[in-house]
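Given next are the chains, with one letter for each unit.
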Amino acid sequence: MIKPTCEDTFLLKKRNLKNDYFSFTFKPYVPVKKCKPGHFLQLQLPNSDVYFRRPFSIASVDSNGSIEIIFKIFGEGTVLLANLAKGDKVNLLGPLGVPFKFPKKNEQTIIIAGGVGFPPLMYLAVEMIAKGHDPKSIHFFYGGRTTDDIIEKTRLNKLGVNFYPVTEDGSFGVKGLVTKPVEEFIKSSNSNMRIFSCGPTGMLKAADAIGLKYNIPGQLSLEAPMPCGFGICLGCVKEKTDGTHARVCCDGPVFEIGEIII
Amino acid sequence: MIKPTCEDTFLLKKRNLKNDYFSFTFKPYVPVKKCKPGHFLQLQLPNSDVYFRRPFSIASVDSNGSIEIIFKIFGEGTVLLANLAKGDKVNLLGPLGVPFKFPKKNEQTIIIAGGVGFPPLMYLAVEMIAKGHDPKSIHFFYGGRTTDDIIEKTRLNKLGVNFYPVTEDGSFGVKGLVTKPVEEFIKSSNSNMRIFSCGPTGMLKAADAIGLKYNIPGQLSLEAPMPCGFGICLGCVKEKTDGTHARVCCDGPVFEIGEIII
Amino acid sequence: MKLDLKVKIAGVELANPLMTASGCCGYGEELADIFPLSKLGALVSKSITLNPRLGHPPPRTAETTSGMLNAIGLANVGIDKFVTDKIPFLKKQKTKIIVNVAGSKLEEYVEVCSRLNDIECVDMIELNISCPNVDEGGMEFGADPIMTEKSLKAVKKVFNRPVIAKLSPNVTSIVQIAKAAEQGGADAFSVINTLLGMVVDAETWHTKITNNKGGLSGPAIKPVALQMVHAVYSNSSLPIIGIGGIRSTSDVIEFLLCGATAVQIGTGLFIDPMLIVKIEKELKQYMKRKKCNSIYDLIGKVRKY
Amino acid sequence: MKLDLKVKIAGVELANPLMTASGCCGYGEELADIFPLSKLGALVSKSITLNPRLGHPPPRTAETTSGMLNAIGLANVGIDKFVTDKIPFLKKQKTKIIVNVAGSKLEEYVEVCSRLNDIECVDMIELNISCPNVDEGGMEFGADPIMTEKSLKAVKKVFNRPVIAKLSPNVTSIVQIAKAAEQGGADAFSVINTLLGMVVDAETWHTKITNNKGGLSGPAIKPVALQMVHAVYSNSSLPIIGIGGIRSTSDVIEFLLCGATAVQIGTGLFIDPMLIVKIEKELKQYMKRKKCNSIYDLIGKVRKY
Ligand SMILES: Cc1cc2nc3c(=O)[nH]c(=O)nc-3n(C[C@H](O)[C@H](O)[C@H](O)COP(=O)(O)OP(=O)(O)OC[C@H]3O[C@@H](n4cnc5c(N)ncnc54)[C@H](O)[C@@H]3O)c2cc1C
Ligand SMILES: Cc1cc2nc3c(=O)[nH]c(=O)nc-3n(C[C@H](O)[C@H](O)[C@H](O)COP(=O)(O)OP(=O)(O)OC[C@H]3O[C@@H](n4cnc5c(N)ncnc54)[C@H](O)[C@@H]3O)c2cc1C
Ligand SMILES: Cc1cc2nc3c(=O)[nH]c(=O)nc-3n(C[C@H](O)[C@H](O)[C@H](O)COP(=O)(O)O)c2cc1C
Ligand SMILES: Cc1cc2nc3c(=O)[nH]c(=O)nc-3n(C[C@H](O)[C@H](O)[C@H](O)COP(=O)(O)O)c2cc1C
Ligand code: FES
Ligand code: FES
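Predicted, not measured: the structure shown is a model, and the values here were computed from it. Sequence positions are assigned chain by chain, starting from 1 and proceeding in written order. For naming, the first written chain is A and the first written ligand is 1, with later ones following in the order written. The model is predicted, so local features are restricted to residues of pLDDT at least 70 and side-chain atom pairs to those at 80 or more, both for listing and for counting; the totals for chains, interfaces and linings are taken over all residues. Each side-chain value is derived from all of the structure's non-hydrogen atoms; neither hydrogens nor water enter the calculation.

(A) Inspection of the relation of the copies chain D and chain C at higher detail. Superposing the copies works by least squares over the C-alpha atoms of residues that have pLDDT at least 70 in both of them. Between chain D and chain C, which share one sequence, the superposing operator has a rotation angle of 180 degrees and an axial displacement of 0.0 Å; the RMSD is 0.0 Å. Classification of the inter-copy transformation places it as that of a two-fold axis. For this analysis, residues touch if any pair of their heavy atoms sits within 4.5 Å. Taken together, the interface assignments show that 100% of the residues at the interface of chain D recur at the interface of chain C, consistent with an identical surface on both copies.

Shown next as structure tokens:
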């Protein structure tokens, strides 16, 4: 784990992406250079009715010293967050957690994203390409209930990755669950592959199962309620397949396929 | 006591009068017709770190259904209040308390105002004039430490009352405490008089003493921390000169001179 | 079946499970200016003592994080004035009337309760054996199982309608005290009174209330109250009135799930005097949504791991 | 005279009165990534038990109004691994090391403490006789004066440096338990551990943590903690470490005024890991402004009415 920084930043840019989805950019964010895809931040909300900080994955960083998160309104905390105005002060603790391990250049990368699991995976794709990975080696499966759950399409398209939108109601892309096209892709391919997934529990379970079934290595980024976010409270643990506990915040949030009981 | 209303209103107009002094106008305020000078409101702040409502005197009402308060930043609650933006929702409970009893038309009205005691007394002067009192029968003594503590001069001047500013450092009006010019005025006058005062404890004590010394009737508007503001918690009591307790919120905040141990 | 908020406490039927908490609604007059008291399942009066009490000198309340501290000191008009000045108003209200009784000696409790026995409109007595704000009696009674049983027995002899024991949270085992009260003949429990606390001003170095220590109430204490309601519920079959930090409909539901048959709202009324009216409406919506026809479909239904 | 934050607990001198609370800083490693532990008066480890413990299954924390509930269940590496894996790191830190010890049987406490006696860098032991999150032992010890005295006596026999008794707030009289601990040979008190509480989800009807009940901490409990610190201070001359809801410099000052010689910060570190560093700075500014040269100018100096 790298040393996190705890600092006040300001909301520089606020965009309402779609319905309940927002993109917030904060600046100054000093530890920008330490950030890697899979890292997250703990945001302090300006109201102690919401006592804990709230964790959000890093969606992008800019070398000018700003950092972006993308979030969806769930409950009290994200409502308060969405109500912030440009210029408002927010204290950020981060970067936190264990980031993704980049795949090898000769591997096909299968990304399985859903809901608010999208931001860290977009960041992963961006950084892979920056590091010289062929965009066409990245297969970005992005599932949602309806077209409303699929955000930042143009941003993804611009990256030049293979983009496979999947919606349960068929309102955008393939109809159904994301698992089916993923399995089809795997069956049709005979290169080395690596899976990365972040999204709702059901999706993570499926990604985990697929990895184990086809013997494809990979990583999953998990969620848990996080009182502290940096390893001191033991409140975020999940059971591992070996019977011990792992702290999602600092032993994860990124774990190997097969490592955790999801 | 009249029946208070508990309703959501919106911040219609926000003015920073001077340094820490603000004027806020809220609308819609339905019980506008029930309001009288001396009445106050309990404002609910949007943050339960500040658990109690905060009391503010009515500074003016408009028949178009809006209501004004004037406040100064003291602590956490007023900081939060000052941070509200136009359009923000605020829940108001009011009008609360016992208002001022208007003087007779043939009486000279001595108003002794200080600090945030100014708003209800300005409201009193405005309403007296509206009810046909001669502005020149109103003697508005307004004390502060420096000129920074004297707000809304032009508004007062427009009313046509006799305006006697007094500052401790002499930066505006007469130098010294407000008590001296008040006593001088009283000694020089031989009409029937009536005193109204609201301001810091020292000023109220002095006003009370002057009333008793010169046997001039009048009323003082007091302050107390107010958990409820409408009589149910018994948290705001003051000791009366007869040995019993009075609730500032609903037996007051306006009391007769000599009634309360200040 | 029709949706119905009615509950019964010791045979007394309440229109809904929502009561005011003692000391947080005076004798009802001020609240009646804001909403009709018929909206209440029951009104619980300020603690009544034998003689009138001024209470502690001010300041006697202080704000805390998500709560407040009070040491009002049982300020009340005394039983005589209560009967002559307050009962006529209460008699006219279309809600159940619960009179909270306090004292510093057992004889005082007995005297006040026997006077109340003659007042027909008093549906129940709530025995405050748990007030932290008086020097003698009060809390000492409620911290000691023997005194608790004795007080209940004595009061039950002179008051022929239900008696609710209001329990203190400042004890090692609230279950032990509840059992003693039940042994003494209590018909129901009110759980909880305030937690002992202290508030200090870091600038002036002064305690913020004249009594130095006082009772903590408000949302801060809700988890403590829920745990105690659940503990008493798991160990007694008497009905429980849940109290502590309620300021929303979901708070009320949490108390019902933990085993309360009704609830009282105190400090929450200071912040929002219309709270009970609002909750009554939202509670019906919740029950419709959850397909509950009766409050009894919620009582004690918490799902444990 | 020079301004000085030093305090002494049972002869052990601390650079300042600011400690981490047990269970809220692991074994120090993660915090050391954020600020140098030399900023601490002392580091207090997670409760150590004889055998390693996984603790309760997740979820084991829940957010509450201005606080949190936890039933971690004493998850820890056990004394063996603590000595081999954690002590080497702790030994290198320029701060005092307090090891918190828990157990479910008296023999376990004794065994762990006697092992720690051989580890020189362990300056003091804090005896957790007040954890609400284990079924046997733990809280029962701290709720009973006889067991409290016995545990202290037994531990003092095998550990030749100071032993701090960490007291539970879930008792009728914390003073009685403190006196029993003093009788048993305690050198200081930690006041308080968490309040018993419960959190329920009104939507799912489920308790929010697997152990169903847990310990309440955070700003919500500060007034309760202050009152108990003051009560123990008024009845014993042993030094007190004040704990409960600290999240600002003025909170620390309030604990000192009520009689604490030092304080511990728990939940507050989760929200602001830099809190202790911030407080250390602000505390100096405060003392300068108030013309205090020493922390002792503040201890117990609360002004009562
Ligand atoms: C490492 C990590 C990275 C995350 N990244 C993002 C992101 O990039 N964008 C985004 O929108 N969200 C992200 N989340 C989820 C986000 O933290 C939650 O949506 C947020 O905390 C909800 O807060 P709230 O107050 O709005 O909702 P609450 O009222 O707290 O809760 C709403 C619902 O979510 C559950 N919940 C609350 N917190 C968590 C949690 N931490 N994990 C799982 N369930 C929880 C609650 O039990 C409740 O059912 C991330 C979570 C983690 C752990
Ligand atoms: C009937 C009434 C009418 C008022 N009208 C006005 C007005 O028109 N304009 C205005 O600016 N202010 C008015 N006040 C005062 C105003 O209510 C307080 O300034 C405000 O509550 C302070 O809140 P805070 O959270 O900013 O400060 P806090 O942090 O709560 O307190 C700041 C200081 O003020 C003290 N204090 C807090 N509340 C009160 C109180 N209610 N009475 C006395 N001392 C208190 C505190 O002890 C502290 O020393 C009125 C008060 C009352 C009782
Ligand atoms: C200002 C105040 C006065 C109170 N007076 C009494 C009282 O006279 N008798 C009593 O039994 N309880 C009294 N209580 C306790 C409440 O009835 C209730 O048990 C407690 O406040 C917890 O509920 P809450 O969190 O909803 O306020 C008082 C509480 C407050 C805040
Ligand atoms: C997550 C968590 C774990 C805790 N674990 C322990 C523990 O192992 N041993 C112990 O004595 N106290 C433990 N405590 C109690 C704290 O040390 C402290 O007494 C309590 O949290 C009150 O302080 P606070 O309000 O500053 O958190 C724990 C508290 C929390 C929140
Ligand atoms: S959130 Fe505290 S250890 Fe992970
Ligand atoms: S503020 Fe509650 S009675 Fe006056």
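(B) Examining the packing of aromatic side chains more closely. Stacked, edge-to-face and tilted are the three classes for Phe, Tyr and Trp ring pairs, Trp counted by its six-membered ring, which pair at centre distances within 6.5 Å; planes under 30 degrees apart are stacked, over 60 edge-to-face, the rest tilted. Going through the model one piece at a time under the given rule, you end up with 32 aromatic pairs over all chains. When the ring of phenylalanine 24 of chain B is compared with that of phenylalanine 71 of chain B, the centres are 4.9 Å apart and the planes differ by 90 degrees; the resulting orientation is edge-to-face. Separated by 47 residues along the polypeptide, phenylalanine 24 of chain B in strand E2 (residues 21-27) and phenylalanine 71 of chain B in strand E6 (residues 66-72) bring together distant segments of the chain. Phenylalanine 71 of chain B gets classed as buried once you look at its relative accessible area, which sits at 1%. Relative to phenylalanine 185 of chain B, the ring of phenylalanine 141 of chain B has its centre 6.0 Å away and its plane inclined at 65 degrees; by these criteria the two rings are edge-to-face. Here the residue phenylalanine 141 of chain B occupies a position in strand E9 (residues 138-144), and phenylalanine 185 of chain B occupies one in helix H4 (residues 179-188), the gap between them amounting to 44 residues. Judged by its relative accessible area of 0%, phenylalanine 141 of chain B falls in the buried class. Any residue under 20% of the maximum accessible area for its type is buried, any over 50% is exposed, and the rest in between are partly exposed; the area is computed with a 1.4 Å probe on protein chains only. Under the relative-accessibility criterion, phenylalanine 185 of chain B is labelled buried at 14%. Here the aromatic residues Phe22, Phe24, Phe26, Phe56 and Phe71 of chain A are joined through ring pairs into a cluster of three or more. Whether a charge sits over a ring comes down to the Lys NZ or Arg CZ being within 6 Å of the ring centre and within 35 degrees of the ring normal. One cation-aromatic arrangement involves lysine 153 of chain A over phenylalanine 172 of chain A; the distance from NZ or CZ to the ring centre is 4.1 Å. In this description a helix means any DSSP run of H or I spanning at least four residues, a strand means any run of E spanning at least two, and both kinds are numbered starting from the N terminus.

(C) Looking closely at the interface of chain D and chain A. Facing the 36 residues of chain D at the interface are 28 residues of chain A. When chain D packs against chain A, the two sides together hide about 2,500 Å² of surface, and 61% of this comes from carbon and sulfur. Each salt bridge in this description consists of a side-chain nitrogen of Lys or Arg and a carboxyl oxygen of Asp or Glu lying within 4 Å of one another. Applying the counting rule to chain D against chain A returns 2 salt bridges. Here arginine 247 of chain A makes a salt bridge to glutamate 30 of chain D, at a shortest N to O gap of 2.8 Å. Any N or O atom pair separated by 3.5 Å or less is treated as a polar contact, with the protein-specific requirement of one donor-capable and one acceptor-capable atom, and with residues adjacent in sequence counted only for side-chain atom pairs. Seen at the junction of chain D and chain A, the total is 7 residue pairs in polar contact (both at pLDDT 80 or more). When contributions to the side of chain D that touches chain A are tallied by element, the ones reaching two or more residues are helix H1 (29-32), strand E5 (61-64), strand E6 (67-70) and helix H9 (267-271) of chain D. Residue classes in the side of chain D that touches chain A are distributed as 17 nonpolar, 12 polar and 7 charged. In short, buried area is how much 1.4 Å probe accessible area vanishes from two parts on joining, totalled over both. Three classes are used: nonpolar for Ala, Val, Leu, Ile, Met, Phe, Trp, Tyr, Cys and Pro, charged for Asp, Glu, Lys and Arg, and polar for all others, with Gly counted as polar.

(D) Focus on the interface of chain D and chain C. With 51 residues of chain D at the contact, the number on the chain C side is 51 residues. For the pairing of chain D and chain C, the buried interface totals around 4,300 Å² over both sides, and the portion due to carbon and sulfur atoms is 63%. When residues of chain D are sorted by the area they lose upon contact with chain C, Met198, Trp205 and Tyr305 of chain D head the list and together hold 20% of the total. On the surface where chain D and chain C come into contact, there are 4 salt bridges. Between glutamate 203 of chain C and arginine 289 of chain D there is a salt bridge; the shortest N-O distance is 2.7 Å. Joining chain D to chain C, the criterion identifies 22 residue pairs in polar contact (both at pLDDT 80 or more). Contributions of two or more residues to the side of chain D that touches chain C are made by strand E11 (195-198), strand E12 (213-217), helix H7 (222-233), helix H8 (249-257) and helix H10 (275-289) of chain D. Looking at the side of chain D that touches chain C element by element, the count peaks at 5 residues for H7 of chain D. Along the lines of polarity and charge, the residues of the side of chain D that touches chain C split into 25 nonpolar, 14 polar and 12 charged.

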